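Observations on chain architecture
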Amino acid sequence: MTSSPLAVGRYFAALLVAVGVLSGCSGVRPYPNSLEKNAVIRTEADSGSIFSKVSAAVDIFSVTADCRTEYLGTVDLKGPAVEVGIPPDQLSYLVFVFSNSSFFGSSRSTISHETLLEARPGHHYDISVSYIDDIYNVAINDQDPRNPDGRKIAVRDMSACKAL
Amino acid sequence: MKETFAYWAVGAGLAAVMTGCGTMPQTADEFRKAVPGAMTAKVETFEVERPFSAVAATFEEKGPECLNKTVTTTSTTPGQYGPVVSTYTVTYKPTVRVTGDKAELHVQQHSDNTVKVYQEPEGGYYLLVADAYPVSENRTRIDLYCPSIGQKVLIKAVKGWGTGESVGCPDLTQ
């Protein structure tokens, strides 16, 4: 295949735009994570292929009384365990995002898993996030100090907000 | 990506499969009847060591949680005048029906990027139907009507919900 200088120029222009988007123009910002840590997120991610990689992150939103969301920031789930401070005594919306990309950069896909969470004061939340061989799972366990075994919190999407 | 976009085209209604008679299944029942005679679809029957109520409960929980999704995949390929970016958007619609002796999971798929040669049912072309029946107190039979090409991740997930060995969600972009 032959490439004209114009084509090469356009290709690099597109790459620059992509780099710009990925490096800060995309609207993604780190979650401040300044509150008392009341949750630990344990992540295991493996695409199951040597030609692609998968990364995980969680977008954290606050939810207003009339069920509107306000983006607070994103926590990159790179390590095996990340401690997070989720605003207590109010409704939050957690969007777990799994991004799968090929090493050659030819394709990229994301899939997300959303749930509402009302973090209670004094409670601790153990969140297991996994993506193994194209199957993902998010499990949230509420560890009440009075009930150390905890209880599983069911996934609730935004349609459940008005009932809460 | 281990499975290409071509699989989406296959999955988007199993078009080549069921068009022998010139129509596409418009209901889950029509889909069940069409699959045994289709070239790229199959029926799998297996039994699991779980009570019927547990299988039905997993379908009810995981169907909406995992399959009520719209997914977008972007691919970039080099072109003569610069990179060519292709975006595919597919919407999935799960339906779960549970009665005393049968639990059904239907999965439909709608794509904005495909040409609709055949009439598409409301909610999209039928992609998979799983029927669970009680066999005994702790045993359940599952009939799975699904594509024989592609959609391996979806099929693996639904089987996991049946056996109870895995309750994860399929990455529908794969």
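Located above this text is the structure these notes cover.
Residues numbered from 1 in each chain as written. Chains lettered and ligands numbered in written order. Predicted model: local features only at pLDDT ≥ 70, side-chain atom pairs only at ≥ 80, totals over all residues.

Moving on, we get to the overall build of chain A. Within chain A, the secondary structure is distributed over one helix and nine strands. Along its sequence from the N terminus, chain A presents helices and strands in the succession α-β-β-β-β-β-β-β-β-β. A total of 164 residues make up chain A; the buried ones form 23% of that total. Considering only intrachain contacts with a sequence separation of at least 6, the fraction spanning at least 24 residues in chain A is 63%. (Helix = DSSP H or I, 4+ residues; strand = E, 2+ residues; numbered from the N terminus. Buried ≥ 20, exposed ≤ 12 C-beta atoms within 10 Å, placed from the backbone. Contact = placed C-beta atoms within 7 Å.)

A regular strand carries its side chains on alternate faces of the sheet. Residues and elements named next belong to chain B. Across eight bridges, strand 2 (residues 70-77) lies against strand 3 (residues 84-99) in antiparallel orientation. The residue bridging T70 from the neighbouring strand is T91, located in strand 3. From the end of strand 2 to the start of strand 3, which pair antiparallel, there are six residues, and G82 there has a positive phi angle of about 125°. Pairing geometry for strand 3 and strand 4 (residues 102-111), over ten bridges, is antiparallel. Along strand 4, the bridge assignment pairs R97 with E104. Hairpin connection from strand 3 to strand 4: two residues lie between these consecutive antiparallel strands. (Pairing = 2+ DSSP bridges.)

Judged by nonpolar contacts, the single largest core of 65 residues is most densely connected at V58(A), L128(B), A130(B), A132(B), Y145(B) and V158(B). With seven residues, the top contributor of residues to this core is strand 5 (residues 125-136) of chain B. Setting aside residues no more than four positions away along its own chain, Y145(B) makes contact with F31(B), R32(B), V35(B), A41(B), V43(B), L128(B) and V129(B). (Core = buried A, V, L, I, M, F, W, Y, C linked by C-beta atoms within 7 Å.)

All names here are of chain A. The backbone phi angle of D89 is positive, close to 65°, even though this residue is not glycine. The class for D89 is exposed, based on 8 C-beta atoms found within 10 Å. For D134, which is not glycine, the phi dihedral falls at a positive 75°. On the secondary structure map, D134 appears in the loop between strand 7 (124-132) and strand 8 (135-144). Look at D134 and you get buried, because 28 C-beta atoms sit within 10 Å.

Once that is clear, we can look at the interface of chain B and chain A. The interface is formed by 25 residues belonging to chain B together with 21 residues belonging to chain A. Of all the secondary structure elements, the ones that give two or more residues to the side of chain B that touches chain A are strand 2, helix 5 (152-163) and strand 7 (169-170) of chain B. It is strand 2 of chain B that provides the largest number of residues to the side of chain B that touches chain A, a total of six residues. Split by residue class, the side of chain B that touches chain A holds ten nonpolar, eleven polar and four charged. Taken together, the four bridges between strand 6 (residues 107-118) of chain A and strand 2 of chain B define a ladder with antiparallel strand orientation. Residue pairing across strands places R108(A) opposite T74(B), the latter belonging to strand 2 of chain B. (Nonpolar A, V, L, I, M, F, W, Y, C, P; charged D, E, K, R; others polar.)

Without other data, these values stay purely geometric and don't point to any function.
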